[in-house]
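# Geometric and topological summary
Residues per chain are reported as follows:
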Amino acid sequence: MPVTADDIEAAYAPVSRVAIRTPLERATRLGERTGADVWVKREDLQAVRSYKLRGAFHMISRLTAEERGRGLVAASAGNHAQGVAYAARALGATARIYLPRTTPRQKRERIAVLGGEHVEVIVGGDTYDAASAAASADAARSGATVVPAFDHPHVIAGQGTVAMEVVTQYEAQAASGSAPDVVVVPVGGGGLIAGMAAWLAARHPQTRVVGVEPSGAASMAAAVQHGGPVTLDEVDAFVDGAAVRRVGDHAYAVLAALARDGHPVELVSVDPGRVSEEMLDLFEVDGVIAEPAGALAAAALRLPGVVAPGESAVVVVSGGNHDVSRYAEVIERALVSKGVKHYWLVDFPQEPGALRRFLDVVLGPDDDITLFEYVKRHNRETGPALVGIELGSPAELPGLVQRLAESPLRAQKLSPDDPAFQFLV
């Protein structure tokens with residue numbers, strides 16, 4: 001067992017030097033959705049707006065003066081980098097931090113502010129794994145000390161302190177006075193769930209732990225299926241904070257040991273559309289600004305069976321480093337996921353009044369055209385148009401499809417599974 005409950009409890013004192021005890025709040029909206037007593041652990045309110053500060057500070061605080069003196073090097077999709085930057089500045093160390101190009105600008109700027117002159121930010125590569133390879137090569141050349149984002153026992157122990165706070169706060173605030181029935185945790189590289197599951201299995205074994213991965217980067221599920229960490233061929237970078245091709249060896253070892261001891265972690269995956277829906281609900285209803293990875297665990301409550309009616313559950317909102325410029329994409333994905341946004345390729349007659357007939361005959365009274373791209377061809381009788389339509393409600397789709405079928409227009413609906421659809425969202 002690479003990390004034990006004792007290790008996590010020993011990490012709490014040093015972690016508490018910089019990490020605040022974030023609030024545990026009852027989530028009325030999620031409770032109404034599931035019929036459960038749902039609470040959210042607001043790790044998005046940390047100084048670096050994510051739980052990553054815990055693991056980064058704990059590991060760096062455990063280094064010797066000589067190890068820190070060689071300088072630190074780290075790779076991150078953004079949140080771990082902020083934790084390293086904060087910790088390096090607090091402990092008087094210097095760090096070079098490698099980020100993939102997909103890291104939102106907001107996170108890059110926060111890293112620079114948090115680290116100040118103690119940190120150099122280097123951007124390159126398309127994925128976290130590319131940044132990690134660059135950081136490893138740097139360490140090999142320079143002798144700098146690597147601070148892994150998730151794959152180290154000290155990092156896992158630091159992240160595991162979230163579980164200690166969850167139970168202490170829940171016992172004090174909830175009517176039951178005991179640990180929750182379920183804890184729902186986002187999964188990227190596996191450091192957070194490994195630490196939380198290790199502590200809960202030892203101290204509150206009756207609590208069920210559910211790990212939530214992005215459907216386009218389910219690397220922990222792949223590791224479980226293959227009996228060890230494997231590298232995914234491709235990952236969807238939308239949930240950038242959890243888009244990891246390969247989970248950590250130590251994190252997997254913890255979960256494998258727990259499974260052998262009769263404490264398996266349940267794994268589910270959530271698609272980007274549901275994550276986007278949850279991000280918008282968190283923002284518009286609850287007033288919580290969550291990044292995609294931060295909304296990942298809460299989005300899992302949109303799936304059947306994750307939390308049962310009558311159960312008590314704590315969901316970890318893991319990060320709030322969201323670039324507001326991405327909200328347009330989030331809204332688009334959410335509308336598609338809800339079934340109110342659809343796209344068609346329509347072959348229009350090249351004659352006056354064709355568009356008017358489409359508006360009058362095909363479109364419903366509450367439907368709205370949000371995209372219209374038309375290519376006029378002078379040597380043909382028809383011309384293709386890409387048409388985006390937002391419905392008043394998902395229930396209106398069959399009527400629209402029927403009216404299109406009864407019209408003289410030739411139309412092809414684009415499926416979200418179609419590779420071409422990815423250019424629209």
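For the structure itself, consult the block above.
### Structural notes on the overall build of the protein chain
The helix and strand tally for the protein chain stands at 16 helices and 14 strands. For 425 residues, the compact-globule estimate of 2.2 N^0.38 gives 22 Å, and the protein chain sits close to it at 24 Å. Here the C-alpha coordinates of the protein chain stretch approximately 80 × 55 × 40 Å along the principal axes. Pairs at least 24 residues apart make up 76% of the contacts formed inside the protein chain by residues separated by at least 6 positions. Accessible area for the protein chain stands at about 17,400 Å²; split by element, carbon and sulfur atoms hold 51% of it. Of note, the protein chain has its 40 positive side-chain charges centred 4 Å away from the centre of its 52 negative side-chain charges.

### Things to note about the pairing of strand β3 (residues 72-75)
Burial along β3 is two-sided: the face carrying L72 and A74 and the face carrying V73 and A75 are both buried. The pairing of β3 with strand β4 (residues 95-99) spans four bridges and is parallel. What sits directly across from A75, in β4, is Y98. Traced from β3 through helix α5 (residues 79-91) to β4, the parallel crossover comes out right-handed.

### Quick word on the packing of aromatic side chains
In the structure shown here, the tally under the stated rule is five aromatic pairs. Ring geometry for F348 and F358: centres 5.4 Å apart, planes at 70°, overall edge-to-face. With F348 in strand β11 (residues 341-349) and F358 in helix α15 (residues 354-362), this pair connects stretches of sequence that are 10 residues apart. Of the two residues examined, F348 and F358, each falls in the buried class. Chaining the aromatic ring pairs together yields one cluster made of F348, F358, F372 and Y374. We note K413 situated over the ring of W344; from NZ or CZ to the ring centre the distance is 5.7 Å.

### Some points on the packing of helix α3 (residues 52-62) against α5
Their axes nearest at 8 Å, the elements α3 and α5 cross at an angle of 40°. As judged from the angle between their axes, α3 and α5 are oblique. Here α3 runs over α5; the crossing is right-handed. Contacts between α3 and α5 involve K52, L53, A56, F57, I60 and S61 on the former and, on the latter, N79, H80, G83, V84, Y86, A87, A90 and L91. Class assignment for the residues of the contact of α3 with α5 results in nine nonpolar, four polar and one charged.

### As for the nonpolar core
M196 and W199 are the most contacted members of the largest nonpolar core, which totals 43 residues. For this core, the secondary-structure elements that each account for two or more residues are α1 (5-15), α8 (153-173), β7 (182-186), α9 (191-203), α10 (219-226), α11 (249-260) and β10 (312-317). It is α9 that contributes the most residues to this core, nine residues altogether. The residues contacting W199, other than those within four sequence positions of it, are A5, I8, E9, A163, M164, V167 and H204. Among the nonpolar cores identified, the runner-up in size contains 36 residues, and A36, A293, V307 and A313 belong to it.

Basis of the calculations
Residues numbered from 1 in each chain as written. Predicted model: local features only at pLDDT ≥ 70, side-chain atom pairs only at ≥ 80, totals over all residues. Heavy atoms only, no water. Helix = DSSP H or I, 4+ residues; strand = E, 2+ residues; numbered from the N terminus. Rg over C-alpha atoms; globule rule 2.2 N^0.38 Å. Contact = heavy atoms within 4.5 Å. Areas by Shrake-Rupley, 256 points an atom, 1.4 Å probe, with all protein chains shown as cover. Lys, Arg positive; Asp, Glu negative; His and termini not counted. Charge placed at Lys NZ, Arg CZ, Asp CG, Glu CD. Buried < 20%, exposed > 50% of the residue type's maximum accessible area, 1.4 Å probe, protein only. Pairing = 2+ DSSP bridges. Right-handed = clockwise from strand over helix to strand, strands pointing away. Phe/Tyr/Trp six-rings, centres within 6.5 Å; stacked < 30°, edge-to-face > 60°. Lys NZ or Arg CZ within 6 Å of the ring centre and 35° of its normal. Axes fitted to C-alpha atoms, helices over the stretch in contact; angles between N-to-C directions. Parallel < 35°, antiparallel > 145°, perpendicular 65-115°, else oblique. Left-handed = near helix turned anticlockwise from the far one by under 90°. Nonpolar A, V, L, I, M, F, W, Y, C, P; charged D, E, K, R; others polar. Core = buried A, V, L, I, M, F, W, Y, C linked by side-chain atoms within 4.5 Å.

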